[in-house]
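Spelled out, the chains give:
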Amino acid sequence: MPTVYFQTFGCQMNVADSDTIHQLLSQRGFVLSDSPDGSDIVIVNTCSVREAAEKRAKSRIAEFANKKSGGQKLWVTGCMAQRLGDALKEQIRGVDLVIGARQMERIGEVIDEALPPDESAPAVFNKSAVTDFVPVMRGCDNYCAYCIVPYVRGREHSIPYHLVETAVKEKISQGIKEITFLGQNVNSYNFEGMDFPDLLLKLAEVNGLERIRFTTSHPKDCTEKLIDAIASSNKFATHIHMPFQAGADRILALMNRKYTSGHYRGLIEMIRKKIPDADITSDILVGFPTESGAEFKETLSLVNDVRFTTAFMFAYSPREGTIAAAMKEEISKEEKHARLSELIAVQTEITRSIYQESVGKELEVLISGKQEKRDEAWMGQDKGCKRVLISCASAEAGMILKARAIKSSGMTLIAERML
Ligand code: SAH
Ligand code: SF4
Ligand code: F3S
């Protein structure tokens, strides 16, 4: 049987896209390989969000190109593929096909052109996962000043409800219990008047879908209706990922984020009131052009006040073609990294203490599989965003178990099953 190997960089949207390509290839008899060596196709799904992400992807592609042997094909997909297009084939000899992120809309045809379907090939798609992603939106119209995503992913649009529901039902038939709905700004979902809370409440009625997550929430479009919807059903995970990026209003305005830190704090207060045990997580960007030391301190004080369970933290990386790339007064690399280290130290301590505070609490854990190195230990995730290791003799992937946290170890809660 022909084999395909995936190396996926970037966000969950890319993970979902790799999965879609994998499904299409499996209809042609391809099976997933866990090594690039000897695979018939090697696919590198790329990200452009920061310069470092592109560098990493390029060096992987070059490495695969150098090792190519036999009739192996090398495909490059995703956001960097979109940004650089066929120029990539000239930059790195050995790349056979470039499929930009925007071609995901018509990926069926793209794969048909590259690999005419073989009637005789058996479909061999089987997943062992219990949790998966389903995009509800594509593209982005927000044009945050630092961000390349609108340029590589194109205009924002909402996927029609019936297509989302069909995708969900298909995943459930493959054994999936939990779905994370994806979009760059899910809060602006709008399909024929159906908004995001309406969409979530309707999906919560789908049989067999046991837990619902979504990302990313943009503070400018997050509403009380959304928070009420999440609080209304036990099917919703109690996790809200809502990036605030920066604490100073002047920087937020320059970033074109369209909210103030006061508005953000108000949303957090509302979430804490209506969903008291929610895990709130964020993306934070330091060193945006002209950010002063005092403005960076405003980011730190927001972090200290909100107490995120975890956060993704980044030093600003100029991206060609974005509004911010044309701004002067860049903060030096050393200063950006000093700010980032200070922020990471503060957040790491908050994360540690939040995990510690969970000890003794009752958890609902969706089991994802056995912990390989230990007998009678199972991995899973609680209703928020915490990783849990449960000791119990018999369990099964896909079960939701009640457990009590007895210890916190790094970013994992150790728990005992409750009977
Ligand atoms: N749509 C999501 C974010 C997608 S990109 C949202 O709006 O929240 C993921 C994160 O990467 C962003 O939240 C931001 O913190 C970071 N990021 C984006 N562009 C960046 C850049 N040029 N330099 C550094 N970090 C960046
Ligand atoms: Fe980028 Fe802003 Fe769109 Fe998020 S909302 S993808 S940060 S432009
Ligand atoms: Fe995601 Fe990176 Fe593209 S963050 S949308 S894979 S640029």
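Calculation criteria
Residues numbered from 1 in each chain as written. Chains lettered and ligands numbered in written order. Predicted model: local features only at pLDDT ≥ 70, side-chain atom pairs only at ≥ 80, totals over all residues. Heavy atoms only, no water. Helix = DSSP H or I, 4+ residues; strand = E, 2+ residues; numbered from the N terminus. Rg over C-alpha atoms; globule rule 2.2 N^0.38 Å. Buried < 20%, exposed > 50% of the residue type's maximum accessible area, 1.4 Å probe, protein only. Contact = heavy atoms within 4.5 Å. Near = heavy atom within 4 Å. Nonpolar A, V, L, I, M, F, W, Y, C, P; charged D, E, K, R; others polar. Pairing = 2+ DSSP bridges. Axes fitted to C-alpha atoms, helices over the stretch in contact; angles between N-to-C directions. Disulfide = S-S within 2.5 Å. 1 Å grid on protein atoms, 1.4 Å probe; cavity = no way out; pocket = protein on both sides within 12 Å on 5 of 7 lines; lining within 4 Å. Points joined across faces, edges and corners; volume = space filled by probe spheres on them. Parallel < 35°, antiparallel > 145°, perpendicular 65-115°, else oblique. Left-handed = near helix turned anticlockwise from the far one by under 90°. Salt bridge = Lys/Arg side-chain N within 4 Å of Asp/Glu carboxyl O. Expected span 1.5 Å × (residues − 1). Arc of directions from axis to C-beta. Polar contact = N/O pair within 3.5 Å; in protein donor to acceptor, adjacent residues only side chain to side chain.

Colleague: Please explain the overall build of the protein as it appears in this structure.
Modeller: When its secondary structure is counted, the protein shows 13 helices and 20 strands. Computed over the C-alpha atoms, the radius of gyration of the protein is 22 Å, within 12% of the 22 Å expected from 2.2 N^0.38 for a compact globule of 419 residues. Principal-axis analysis of the C-alpha atoms gives the protein an extent of 60 × 60 × 45 Å. The buried share of the protein, taken over its 419 residues, is 53%. Restricting to contacts in the protein with at least 6 residues of sequence separation, those with at least 24 account for 72%.

Colleague: Which parts of the structure should I look at to understand the site of ligand 3?
Modeller: Every residue lining ligand 3 is accounted for by Gly10, Cys11, Asn14, Cys47, Ser48, Val49, Cys79, Arg153 and Gln184. Its residues placed into classes, the shell around ligand 3 shows 4 nonpolar, 4 polar and 1 charged.

Colleague: Where do I start with the sheet that holds strand S19 (residues 400-409) in this structure?
Modeller: Sheet strands pair via backbone hydrogen bonds, and the direction of the pair is either parallel or antiparallel. Spatial strand order, S16-S17-S18-S20-S19: 5 strands in a closed barrel with mixed pairing. Each strand axis lies, on average, 50° off the axis of its neighbour in the sheet, ignoring direction.

Colleague: Would you take a moment to explain the state of the cysteines for this structure?
Modeller: Think of a disulfide as a covalent bridge from one cysteine sulfur atom to another cysteine sulfur atom. Evaluated as defined, the whole model comprises 0 disulfides. The thiol of cysteine 222 is unpaired, and the distance to the nearest cysteine sulfur, on cysteine 144, comes to 15 Å.

Colleague: Which parts of the structure should I look at to understand the pairing of strand S20 (residues 412-417)?
Modeller: Both strand S18 (residues 387-391) and S20 contribute to a ladder of 5 bridges, which runs parallel. Looking at S20, one finds that arginine 387 is bridged to threonine 412. Pairing of S19 with S20, which is carried by 6 bridges, proceeds in the antiparallel orientation. Bridge pairing links lysine 407 to isoleucine 414 in S20. Counting the residues in the hairpin turn of S19 and S20 gives 2 residues, including glycine 410, whose phi is positive at 60°.

Colleague: What exactly am I supposed to notice about the layout of surface pockets here?
Modeller: Where empty space is left becomes clear once a probe the size of a water molecule has been rolled over the atoms. Volume-wise, the second largest pocket comes out at about 700 Å³. Those elements that place two or more of their residues in the lining of the second largest pocket are helix H1 (12-26), strand S6 (131-135) and helix H7 (161-173). It is H7 that provides the largest number of residues to the lining of the second largest pocket, a total of 6 residues. By residue class, the composition of the lining of the second largest pocket is 11 nonpolar, 5 polar and 5 charged.

Colleague: Would you explain the site of ligand 2 in this entry?
Modeller: What surrounds ligand 2 is the set Cys140, Asn142, Tyr143, Cys144, Tyr146, Cys147, Val149, Pro150, Gln184, His218 and Arg257. Grouping the amino acids of the shell around ligand 2 by side-chain chemistry returns 7 nonpolar, 3 polar and 1 charged.

Colleague: When you look at empty space enclosed by the protein in this model, what are you seeing that I'm missing?
Modeller: Under the counting rule described, the total for this entry stands at 1 cavity of 30 Å³ or more. Computed from the structure, the largest cavity encloses a volume of approximately 30 Å³. What lines the largest cavity is Asn14, Asp17, Ile21, Asn45, Thr77, Gly78, Ile99, Gly100, Ala101, Met104 and Arg153. Ranked by residues supplied to the lining of the largest cavity, first place goes to H1 with 3 residues. Each residue belonging to the lining of the largest cavity can be placed in one class, and the counts come to 4 nonpolar, 5 polar and 2 charged.

Colleague: What is the right way to read the packing of helix H8 (residues 196-203) against helix H9 (residues 224-232) from this model?
Modeller: Helix-helix packing is characterised by the crossing angle of the two axes and by the distance between the axes. Between H8 and H9, whose axes approach to 9 Å, the crossing angle comes to 15°. Comparing the axis directions of H8 and H9 gives the class roughly parallel. Along this stretch, H8 crosses H9, giving a crossing that reads as left-handed. From H8, Phe196, Pro197, Asp198, Leu200 and Leu201 reach across to H9, where they touch Lys225, Leu226, Ala229 and Ser232. A breakdown of the residues in the contact of H8 with H9 according to their chemical character gives 6 nonpolar, 1 polar and 2 charged.

Colleague: Would you mind going over the pattern of salt bridges with me for this structure?
Modeller: Pairing is possible between side chains of opposite charge, provided their charged atoms come close. The final tally for this structure, using the stated rule, is 32 salt bridges. The closest approach of N and O atoms between arginine 60 and glutamate 63, which form a salt bridge, is 2.6 Å. Highlighted residues: arginine 60 and glutamate 63, both in helix H2 (residues 51-67), separated by 3 residues, approximately one helical turn. For glutamate 63, a relative accessible area of 35% puts it in the partly exposed group. Arginine 106 is paired through a salt bridge with glutamate 109; the nearest N and O atoms lie 3.4 Å apart. Under the relative-accessibility criterion, glutamate 109 is labelled partly exposed at 46%.

Colleague: When you look at H7 in this model, what are you seeing that I'm missing?
Modeller: Three- or four-residue spacings in an α-helix give side chains the same orientation, since the helix completes a turn every 3.6 residues. The terminal C-alpha atoms of H7 lie 19 Å apart, and with 13 residues this matches the ideal 18 Å at 1.5 Å per residue to within 8%. Those residues of H7 that sit buried are Tyr161, Val164, Glu165, Val168, Lys171 and Ile172. The buried side chains of H7 occupy one side of the element, clustering within an arc of 125° when seen end-on. Facing away from the buried side of H7 by more than 90 degrees, the exposed set consists of His162 and Ser173. Looking at the buried residues of H7, the elements they touch are H1, S6, strand S9 (178-182), strand S10 (190-191), strand S11 (194-195) and H8. A positive phi of about 100° marks glycine 175, the residue just after H7.

Colleague: How do you make sense of the side chain of asparagine 142 when you look at a structure like this?
Modeller: If you trace the backbone, asparagine 142 turns up in the loop between strand S7 (137-138) and helix H6 (149-153). Polar side-chain contacts of asparagine 142 include one of 3.0 Å to the side chain of lysine 220. Ignoring anything within four residues of it in the chain, the contact list for asparagine 142 reads Glu156, Asn185, His218, Lys220, Asn256 and Lys258.

Don't take any of this as a statement about function, it's just geometry.
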